[in-house]
Amino acid sequence: MSSMTVGDFLIERLYQWGVRRIFGYPGDGINGVFGALARAQGKIEFVQARHEEMAAFMASAHAKFTGELGVCMATSGPGASHLLTGLYDARLDHMPVLAIVGQQARTAIGGHYQQELDLVSLFKDVAGAFVHQASAPSQVRHLLDRAVRTAVGERQVTALILPNDLQEEPYSEPARAHGTVHSGVGFSKPKVVPYEQDLQRAADVLNSGERVAILVGAGALGAADEVIQVAQQLGAGVAKALLGKAVLPDDLPWVTGSIGLLGTEPSYKLMTECDTLLMIGSGFPYSEYLPEEGKARGVQIDLAPDMLSLRYPMEVNLTGDAAETLSALLPLLLDKDRSAWRKRVEGWRESWEKTLAKRALVTANPINPQRVVYELSPQLPDEAIITCDSGSCANWFARDLKIRKGMQCSLSGGLASMGAAVPYAIAAKFAWPDRPVIALVGDGAMQMNNMAELITVAKYWRQWGNGRWICAVFNNEDLNQVTWEQRVMEGDPKFEASQSIPDVPYHRFAEAIGLKGIFVDSDDKVAGAWEQALASEVPVVIEFKTDPDVPPLPPHIKLEQAKKFATALLKGDPNEAGILVQTARQVLGAVLPGHKKD
């Protein structure tokens, strides 16, 4: 062991913990670990991102799409600080991620040295569950073991900070002496189920309900069979928070789809008209889209006690794993005829599907963005993985994309950060190279940081075994979601200085770096473009020239929103003419004074 450096020990110990891939970017502050990674000769694969923030997003996505620990690595100073946004994404979505970062030499710390930041303080919020800076070789063993165990056991972000001189030191095991710690490798996930009497209390509430609504989130992923059985027993409709979109397939007629501002009308009705709410593994933040307080009795299941009874005052709060808890709950649920309620739910859903189709097929200038996702949905290959960015594209992902059994999908949920879709899609392809991966991205996120990550795709795609990887860019030269929020929430017209962005030929950039580029600027070519992209053996960037004036309508338009929207137009919105045409076509005209639907 004497010839082993601290860096060598770290890589070997990560391997013992089951880590097989690290995302990151090099720098002199972490060179000792990179040297060890090279000496390990491929035991752990290193994926080089273009930017540390993207590496952290990749680690977060790896955890989401595999259930494993995600690991990212960066140098001291700016490398470490760049990781933060991607780490916050993991933290807010309860993903197990470990960040390994370099630091200046121990003798320089406190000396206002180059790239010296107080990294423990910097990471204290995002990695508050466990963040420590190593100071001696024999300390690294227990720091790493605890960082990994805390991350996977508590579904938290943790951070390990390594001074650069320490990485090169000979590794030594802790002495058998006072003041030393002797840790070990290994974690077994526990079975977490509530006590029988608490399950019975929950069953009593659910059994008494006549109109039961279920809301599932990311905590219910992997519990599809149990959710279906409980929903059938209760005659319930099921709405899905965005992170829970892949919990249930959308071909079930009583699944009402997404909830919230980006949600569907049947999910809105399900929540406003139910008398009982069962919430499973969701931290969906917008309480105004849940039943009005006091109108429904509530039961919630969550593995994290601090997420219970947080969005709605629940009568019974069950701390437990979704699948295990639902399995234990099922035998306690009584047979009861709720067919009338179920029929209403299915009717809302059927009517909504017709509305969605009509909205998607409305002509726009040049392309209706809904049409992009509407045409993709039936062409999605089995076992596809879909990622989405924050922005108006998330509306169409939420509403128009139909998930089938065996598919996975995700986005930056709690953080709702721009720029996650392409690194998510890269991590998904590394984790599941045989599966087709599709990223839906707005032009704002592409310009912010995702265009550069296409270079990462160009660097690695031949290693994946197939090139079935697609990035769809919604190019409308507008930071569209915020533009609409300015209009509808603030009653302000579009502010050109902050909202308009340059037109960039994304498909040509793709071609310039060796990928396939497709440009689409008419509605009737959308379906064919998807067909062409899905058949490609080389990764594809499809650039859809979409209309920024198509409104991402909320599921229920409140009079207050309509008034603010009308006010924005009266103030002279630069896109007024196009907006009026599109909103009339998309039915908002029905609630605006003086404008009729065409």
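The shown structure was predicted, so the numbers you read here are calculated from the model rather than taken from an experiment. (Residues numbered from 1 in each chain as written. Predicted model: local features only at pLDDT ≥ 70, side-chain atom pairs only at ≥ 80, totals over all residues. Heavy atoms only, no water.)

A separate point is the layout of surface pockets. Empty space among the atoms becomes apparent when a probe as large as a water molecule is rolled across them. The computed volume of the second largest pocket comes to approximately 230 Å³. Around the second largest pocket sit 15 residues that line it, and Trp17, Gly18, Glu68, Leu69 and Val152 are the ones nearest its centre. Considering only residue class, the lining of the second largest pocket consists of seven nonpolar, five polar and three charged. (1 Å grid on protein atoms, 1.4 Å probe; cavity = no way out; pocket = protein on both sides within 12 Å on 5 of 7 lines; lining within 4 Å. Points joined across faces, edges and corners; volume = space filled by probe spheres on them. Nonpolar A, V, L, I, M, F, W, Y, C, P; charged D, E, K, R; others polar.)

Of all eight residues in helix H15 (residues 393-400), eight are buried, a share of seventy percent or more. Taken as a whole, H15 has its buried residues at Cys393, Ala394, Asn395, Trp396, Phe397, Ala398, Arg399 and Asp400. (Buried < 20%, exposed > 50% of the residue type's maximum accessible area, 1.4 Å probe, protein only. Helix = DSSP H or I, 4+ residues; strand = E, 2+ residues; numbered from the N terminus.)

A few words on unusual backbone geometry. The omega angle of the peptide bond from Asn365 to Pro366 is 0°, so this bond is cis rather than trans. Inspection of the secondary structure assignment puts Pro366 in the loop between helix H13 (339-360) and helix H14 (369-376). Positioned with a positive phi, Arg155 is a non-glycine residue whose angle comes to about 55°. By the secondary structure assignment, Arg155 is in the loop between helix H7 (140-154) and strand S6 (157-163). A positive phi angle is found at Ala416, which is not glycine, with a value near 50°. Inspection of the secondary structure puts Ala416 in the loop between strand S14 (408-411) and helix H16 (421-431).

A few words on the UniProt feature "domain: Thiamine pyrophosphate enzyme N-terminal TPP-binding" (unreviewed entry) in the protein chain. UniProt's feature table lists "domain: Thiamine pyrophosphate enzyme N-terminal TPP-binding" (unreviewed entry) at residues 4-121, given in the numbering used throughout. The span residues 4-121 is 44% helical and 17% strand by assignment, and the distance between its end C-alpha atoms comes to 30 Å. (UniProt positions renumbered as here; feature names shortened; annotations may be inferred.)

A full pass over the atoms with the stated rule returns zero disulfides. Left unpaired, Cys409 is separated from the closest cysteine sulfur, that of Cys388, by 9.3 Å. On the basis of relative accessibility, which here comes to 6%, the residue Cys409 falls in the buried class. Here Cys471 stays unpaired: no disulfide links it, and the sulfur of Cys393, its closest cysteine neighbor, is 9.9 Å away. A relative accessible area of 0% means that Cys471 is categorised as buried. (Disulfide = S-S within 2.5 Å.)

On to the UniProt feature "domain: Thiamine pyrophosphate enzyme central" (unreviewed entry) in the protein chain. As recorded in UniProt, the sites labelled "domain: Thiamine pyrophosphate enzyme central" (unreviewed entry) are residues 199-329. End C-alpha atoms of residues 199-329 are separated by 6 Å, and the span's content is 29% helix alongside 21% strand.

Attention shifts here to the packing of aromatic side chains. Per the counting criterion, the structure on display carries ten aromatic pairs. Considering the side-chain rings of Phe9 and Tyr171, the 3.9 Å spacing of their centres and the 5° angle between planes classify their relative orientation as stacked. You can see Phe9 sitting in helix H1 (residues 6-16) and its partner Tyr171 sitting in the loop between helix H8 (164-168) and helix H9 (196-208), a full 162 residues away along the chain. Residues Phe9 and Tyr171 agree in their burial class; the two are buried. Ring centres of Trp341 and Trp348 lie 5.7 Å apart, and the angle between their planes is 85°; this geometry places the pair in the edge-to-face category. Owing to a relative accessible area of 4%, Trp341 belongs among the buried residues under this scheme. Trp348 sits in the buried class, given a relative accessible area of 14%. Three or more aromatic residues link up through ring pairs in this structure, and these residues are Phe57, Phe65 and Tyr424. Above the ring of Phe397, the side-chain terminus of Lys245 is found at 5.4 Å from the ring centroid. (Phe/Tyr/Trp six-rings, centres within 6.5 Å; stacked < 30°, edge-to-face > 60°. Lys NZ or Arg CZ within 6 Å of the ring centre and 35° of its normal.)

What follows covers the sheet that holds strand S5 (residues 130-133). The sheet built from six strands is open, its strands ordered S2-S1-S3-S4-S6-S5 with parallel pairing. If you trace the sheet from one side to the other, it starts and ends with strand S2 (45-48) and S5, each paired once. On average, adjacent strands in this sheet sit at an angle of 20° to one another, irrespective of strand direction. For strand S3 (residues 70-74) and strand S4 (residues 97-103), the ladder comprises five bridges, and the chain directions are parallel. (Pairing = 2+ DSSP bridges. Axes fitted to C-alpha atoms, helices over the stretch in contact; angles between N-to-C directions.)

The subject of this paragraph is the environment of Met271. Summarising the element assignment, Met271 is placed in helix H11 (residues 265-273). Through-space distance from the C-alpha of Met271 to that of Glu288 is 9.9 Å; in sequence the pair is 17 residues apart. When sequence neighbours within four positions are dropped, the list of residues in contact with Met271 reads Ala213, Ile214, Leu215, Ala239, Ile259, Leu277, Tyr289, Leu290 and Pro291. (Contact = heavy atoms within 4.5 Å.)

The strand order across the open sheet formed by six strands is S9-S8-S7-S10-S11-S12, and the pairing between neighbours is parallel. Both edges of this open sheet fall to strand S9 (255-258) and strand S12 (316-319), since each of them pairs with a single strand only. Put simply, the sheet's adjacent strands are angled 15° from each other on average, direction ignored.

Counting 61 residues, the largest nonpolar core has Leu87, Phe123, Met446, Trp469 and Cys471 as the members making the most contacts within it. Ranked by the residues each element gives to this core, the list is headed by helix H3 (residues 52-66), at nine residues. Among residues more than four places away in sequence, those in contact with Leu87 are Ala56, Cys72, Val97, Ala99, Phe123, Val126 and Val157. (Core = buried A, V, L, I, M, F, W, Y, C linked by side-chain atoms within 4.5 Å.)

A complete count under the given rule lists 27 salt bridges for this structure. The salt bridge involving Arg13 is made with Asp145; its shortest N-O contact spans 2.7 Å. Taken together, the residues Arg13 in helix H1 and Asp145 in helix H7 connect sequence positions 132 residues apart. We note that Arg13, like Asp145, is buried. Lys295 is the partner of Glu292 in a salt bridge, and the nearest nitrogen-oxygen pair spans 3.2 Å. (Salt bridge = Lys/Arg side-chain N within 4 Å of Asp/Glu carboxyl O.)

The subject of this paragraph is the pairing of strand S7 (residues 212-216). The element S7 is extensively covered by neighbouring structure, given that five of its five residues are classed as buried. Neither face of S7 is exposed, since Val212, Ile214 and Val216 on one face and Ala213 and Leu215 on the opposite face are all buried. Bridge count for S7 against strand S10 (residues 276-280) is five bridges, and the pairing is parallel. Opposite Ile214, over in S10, you have Leu278 as the bridge partner.

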